[in-house]
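# Summary of the model geometry
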Amino acid sequence: MIVVDFTSDSPVVISGSHNYSDPASTGNDENYLIIKGNRDVADYFGCELLRVYDHYRFRYVAKDIYTSEKTKAKAPKLTPDDSWTKPYFDAKELKMTDRLRFTGT
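The paragraphs below set out a description of the structure included in this document. (Residues numbered from 1 in each chain as written. Predicted model: local features only at pLDDT ≥ 70, side-chain atom pairs only at ≥ 80, totals over all residues. Heavy atoms only, no water.)

### Comments concerning the overall build of the chain
The helix and strand tally for the chain stands at three helices and three strands. Reading the secondary structure of the chain in the N-to-C direction produces β-β-α-β-α-α. Looking at the chain as a whole, 14% of its 105 residues are labelled buried. Relative to all contacts within the chain whose residues are 6 or more apart in sequence, the contacts with residues 24 or more apart total 41%. Within the structure as shown, the chain displays about 8600 Å² of accessible surface, and the carbon and sulfur contribution to it stands at 56%. (Helix = DSSP H or I, 4+ residues; strand = E, 2+ residues; numbered from the N terminus. Buried < 20%, exposed > 50% of the residue type's maximum accessible area, 1.4 Å probe, protein only. Contact = heavy atoms within 4.5 Å. Areas by Shrake-Rupley, 256 points an atom, 1.4 Å probe, with all protein chains shown as cover.)

Here you go:
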């Protein structure tokens, strides 16, 4: 999938079985759908894209943390208070922008 400008008023979503290779364009029976201007669809696809990215990014980083003999890093701990929420209310943080966008405010 490709999601362009999913936080704007004119997003574009491209999704389908086409993998943007030469055989897909010339020999296979591939397809894709282009959806323009539908913010709800773009939000759904954008969230899914970020979810998949975050999943694999976490696994990549965790692999380095837990397997590196050099760092001997410890697993992150859950906080017993609400201190983890601070970036979601700091205007300088992208997490606040995400919170406002996905809550519709």
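Continuing now.
### Topic: the pattern of salt bridges
All told, the structure shown has two salt bridges when counted by the stated rule. Linking Arg39 and Asp9 is a salt bridge whose minimum nitrogen-to-oxygen distance equals 3.3 Å. Here Arg39, found in helix H2 (residues 39–67), pairs with Asp9, found in the loop between strand S1 (2–4) and strand S2 (12–16); they are 30 residues apart in sequence, far enough to count as distant. Residue classification places Asp9 among the exposed residues on the basis of a relative accessible area of 63%. (Salt bridge = Lys/Arg side-chain N within 4 Å of Asp/Glu carboxyl O.)

Honestly, that's just the spatial picture; any functional story needs more than this.
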